[in-house]
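Chain residues, written in single-letter form:
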Amino acid sequence: MPISVAIIGSGPSAFYTADALLECGQDVRVDIIERLPAPFGLIRYGVAPDHQTTKNVSRAFDKTAREAPVSFFGHVEVGRDVSVSELKSMYDAVVVAMGAPHDRPLGIPGENKAGVVGSAAFVGWYNALPEFRDLNPGLNVKSVAVIGMGNVAIDVCRVLVKTRAEMAHTDIADYALDAIQAAPITDVYMFGRRGPVEAAFTNVELREMGKLDQAVPVVKAEHIPADSSAVADLSERDRRLKERNLATLREFTLLKADSKPKRVHFEFYSRPVEILGGAKAEGVRLERTRVENGQAIGTGEFFDIPCGLVVAAIGYRSGRLAGVPFDEKRCLVPNTEGRVEQGVYVVGWAMRGPTGVIASNRPDGQTVAKHIAADHAAGGKKPGRDALARLLTERKVRVCTYDDWKAIDAVETAAATKPSPRQKFARIEDMLKALGD
Ligand code: NAP
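The following paragraphs examine the structure supplied in this document.

Cut-offs used in this document
Residues numbered from 1 in each chain as written. Predicted model: local features only at pLDDT ≥ 70, side-chain atom pairs only at ≥ 80, totals over all residues. Heavy atoms only, no water. Disulfide = S-S within 2.5 Å. Buried < 20%, exposed > 50% of the residue type's maximum accessible area, 1.4 Å probe, protein only. Pairing = 2+ DSSP bridges. Helix = DSSP H or I, 4+ residues; strand = E, 2+ residues; numbered from the N terminus. Axes fitted to C-alpha atoms, helices over the stretch in contact; angles between N-to-C directions. Contact = heavy atoms within 4.5 Å. Patch = residues over 30% accessible without salt bridge, like charges linked within 9 Å, V, L, I, M, F, W, Y side chains within 5 Å. Areas by Shrake-Rupley, 256 points an atom, 1.4 Å probe, with all protein chains shown as cover. Salt bridge = Lys/Arg side-chain N within 4 Å of Asp/Glu carboxyl O. Lys, Arg positive; Asp, Glu negative; His and termini not counted. Charge placed at Lys NZ, Arg CZ, Asp CG, Glu CD. Core = buried A, V, L, I, M, F, W, Y, C linked by side-chain atoms within 4.5 Å. Phe/Tyr/Trp six-rings, centres within 6.5 Å; stacked < 30°, edge-to-face > 60°. Lys NZ or Arg CZ within 6 Å of the ring centre and 35° of its normal. Near = heavy atom within 4 Å. Polar contact = N/O pair within 3.5 Å; in protein donor to acceptor, adjacent residues only side chain to side chain. Nonpolar A, V, L, I, M, F, W, Y, C, P; charged D, E, K, R; others polar. 1 Å grid on protein atoms, 1.4 Å probe; cavity = no way out; pocket = protein on both sides within 12 Å on 5 of 7 lines; lining within 4 Å. Points joined across faces, edges and corners; volume = space filled by probe spheres on them.

**Concerning the state of the cysteines**
Applying the stated criterion across every chain, the model contains zero disulfides. Here Cys307 stays free of any disulfide, with the sulfur of Cys157 as its closest cysteine sulfur at 12 Å. By relative accessible area, which is 5% here, Cys307 ends up buried.

Listed below in structure tokens is the structure:
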């Protein structure tokens, strides 16, 4: 009997796992279960809409989805339509590939005010993720504060200041593009609690900030050290990358802040301590820091930056799924090399936290596929797909197949105004309507 595997989630870690299972040398049946009608998770809903080449990996995932042993169960929510314990009883192996879709809290006073959003919500909003369709982030502001110095913070800043022409080739949600283009934003502040050497962004993403049509990066020369020697324990590769960032930032210090109509201010050594204002955010209070042994140390000097919108891009967290252990402190599913407990495995950001690029998920999938093959060397014992399909039919769940997704995909593609590749549906009911439901 084939080994039956249910993968919960359909982002990169799910597809890399499916791919590795097909290569593992055993007879497998792989069912990818996704709560939305559309697959690809982070590729569709997390990657910046103007980074279309990064999304090309979905072509390889599309090929995997069409392989005979693989089936897509879209619009099926684990925890609502089927429980983890039911999946465990039906499948030889259950793989949790749910990523890290939630925002981490800032943990400072005022963070619950209107006008303060996390990057998971904000990025989800401009990428047409259904639960954030109605976020209405309040863009009628001149200044925006983005907290964090990672690649997501850079994505958010860039999308906020690019022109309509610069966004023409993207698949940004139409309502988000209209709202951003209508906004009177002139200044976006990016706050890092540590210095340029400690910043988490990578050089390609940083350099893009110097090539924008109507926005100029503003960097204080006194914040850029002569070299990266203040951080001792860097690998040779990391040191080279840090030096590259310093060189780019040094170039930015030479640019004139008024050379373009909009500015993205890189504010290092700035730790947010409070969101100011009444019911709605009116500014951020920050403490100037210095870095000692890699830690941001407050200097006791405070300053305020007025802004009507705060986006916290400080990293993501995974969420608890009933029936699967969860480490609240580390915000992930506790595991040993992807093994969670008998018959349950985890991959990707839910396994190791929200770090790395898309391809970093590939080794997770390979490791877990190897474990599944070894744990079921004599073949599978559980019915898998047929049992799930029967249960979902009994419960009258409207399952979206991979063919259904291709139909939605075709409608989105046809609705796009070229050179945009697609106009995304942002509501599940509109996707189902496109299927004739
Ligand atoms: P990240 O790389 O971990 O960056 C998070 C940033 O938030 C860091 O600068 C961190 O500063 C800061 N931060 C954390 N907690 C904070 C707090 N309480 N107050 C103030 N600042 C705080 O996370 P990310 O930007 O969400 O990216 C997630 C992963 O996706 C990363 O591996 C990233 O490279 C990847 N990604 C890649 C691309 C791309 O390749 N183009 C695009 C997007 C995302 P400290 O360092 O001081 O903690």
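**Looking at the sheet that holds strand β10 (residues 262-267)**
Read from one edge of the open sheet, six strands run β6-β14-β7-β8-β10-β9, paired in parallel fashion. Whereas interior strands pair on both sides, the edge strands pair on one side only; in this sheet they are β6 (116-118) and β9 (215-219). This sheet shows a mean twist of 20 degrees between the axes of neighbouring strands, independent of strand direction. Pairing of β9 with β10, which is carried by five bridges, proceeds in the parallel orientation. Residue pairing for β10: Ala215 is matched across the bridge by Lys262. Lying over the sheet, helix α6 (residues 119-126) contacts β6 and β14 (309-312), oriented at roughly 80 degrees with respect to β6.

**Here we look at the sheet that holds strand β16 (residues 339-341)**
Read across the sheet, six strands follow the order β3-β2-β1-β4-β17-β16 without closing on themselves; strand pairing throughout is mixed. Two strands in the sheet have a free side with no partner beyond their single neighbour: β3 (70-73) and β16. Geometrically, the sheet is characterised by an average inter-axis angle of 25 degrees between neighbouring strands, direction not taken into account. Pairing between strand β1 (residues 3-8) and strand β4 (residues 93-96): four bridges, direction parallel. Directly across from Ile8, in β4, lies its bridge partner Val96.

**Some points on a positive patch on the surface**
Positive charge collects at one region of the surface, where Arg207, Lys211, Arg240 and Arg244 lie side by side. The residue Arg240 is located in helix α10 (residues 236-253) in this model. Judged by relative accessible area, Arg240 falls into the partly exposed class, the value being 46%.

**Things to note about the nonpolar core**
Residues Phe201 and Phe266 are the most contacted members of the largest nonpolar core, which totals 54 residues. Ranked by residues supplied to this core, first place goes to helix α7 (residues 151-161) with seven residues. Not counting residues up to four positions away in its chain, the partners in contact with Phe266 are Met149, Ile154, Met190, Phe201, Leu206, Met209, Pro217, Val218, Val219 and Leu249.

**Remarks on the packing of aromatic side chains**
Taken as a whole and assessed by the stated rule, the structure comprises 14 aromatic pairs. Ring geometry for Phe72 versus Tyr402: centroids 5.9 Å apart, planes at 85 degrees, classification edge-to-face. With Phe72 in strand β3 and Tyr402 in helix α14 (residues 402-415), the pair connects residues that are 330 residues apart, well separated along the chain. An identical accessibility class is assigned to Phe72 and Tyr402; each is buried. Cation over ring: Arg133 sits above Tyr175, and NZ or CZ is 3.8 Å from the ring centre.

**Details of unusual backbone geometry**
Here the bond from Lys418 into Pro419 is cis, since omega is 10 degrees, no more than 30 degrees from zero. Residues other than glycine seldom take positive phi values, yet His75 does so here, at roughly 65 degrees. Summarising the element assignment, His75 is placed in the loop between β3 and α5 (84-90). With a phi close to 50 degrees, Tyr269 is a non-glycine residue in the positive phi region.

**Some words on the environment of Pro306**
Mapping Pro306 onto the fold places it in strand β13 (residues 295-306). Judged by its relative accessible area of 59%, Pro306 falls in the exposed class.

**Here we look at the site of the ligand**
In the vicinity of the ligand there are 19 residues, among which Met149, Arg193, Arg194, Glu205 and Gly356 approach most closely. At 2.9 Å from an oxygen atom of the ligand is found a main-chain nitrogen or oxygen belonging to Met149. Notes on the ligand: free accessible area 910 Å², of which the protein chains cover 79%. The leading source of residues in the shell around the ligand is α7, at three residues. Its residues assigned to classes, the shell around the ligand comprises eight nonpolar, six polar and five charged.

**Some details on the environment of Met149**
Note that Met149 resides in the loop between β7 (143-147) and α7. Distance in space between the C-alpha atoms of Met149 and Arg193 is 8.3 Å, their sequence separation being 44 residues. Residue contacts for Met149: discarding those within four places in its chain leaves Met190, Phe191, Gly192, Ala199, Ala200, Phe201, Phe266, Glu267 and Phe268.

**Some thoughts on helix α8 (residues 174-182)**
Residues of α8 that are buried include every one of Tyr175, Ala176, Leu177 and Ile180, and no others. Elements in contact with the buried residues of α8: α6 and α7.

**Some thoughts on the pairing of β3**
Covered by surrounding structure in β3 are Val70 and Phe72 together with Ser71 and Phe73, the residues of both alternating faces. Examined bridge by bridge, strand β2 (residues 28-33) and β3 share four bridges and lie parallel to one another. Counted as the bridge partner of Val30 is Val70 from β3.

**A short note on empty space enclosed by the protein**
Applying the stated rule across the entire model yields one cavity of 30 Å³ or more. Estimates place the volume of the largest cavity at around 40 Å³. For the lining of the largest cavity, the class distribution of residues is seven nonpolar, two polar and one charged.

**Thoughts on the layout of surface pockets**
Size it by volume and the second largest pocket reaches roughly 900 Å³. Surrounding the second largest pocket, 39 residues form its lining, Arg35, Met98, Gly99, Ala100 and Pro101 being those nearest its centre. Elements supplying a minimum of two residues to the lining of the second largest pocket: α1 (12-22), α2 (42-45) and α6. Here the element with the most residues in the lining of the second largest pocket is α6; it accounts for four residues. A class-by-class count of the residues in the lining of the second largest pocket yields 21 nonpolar, 13 polar and five charged.

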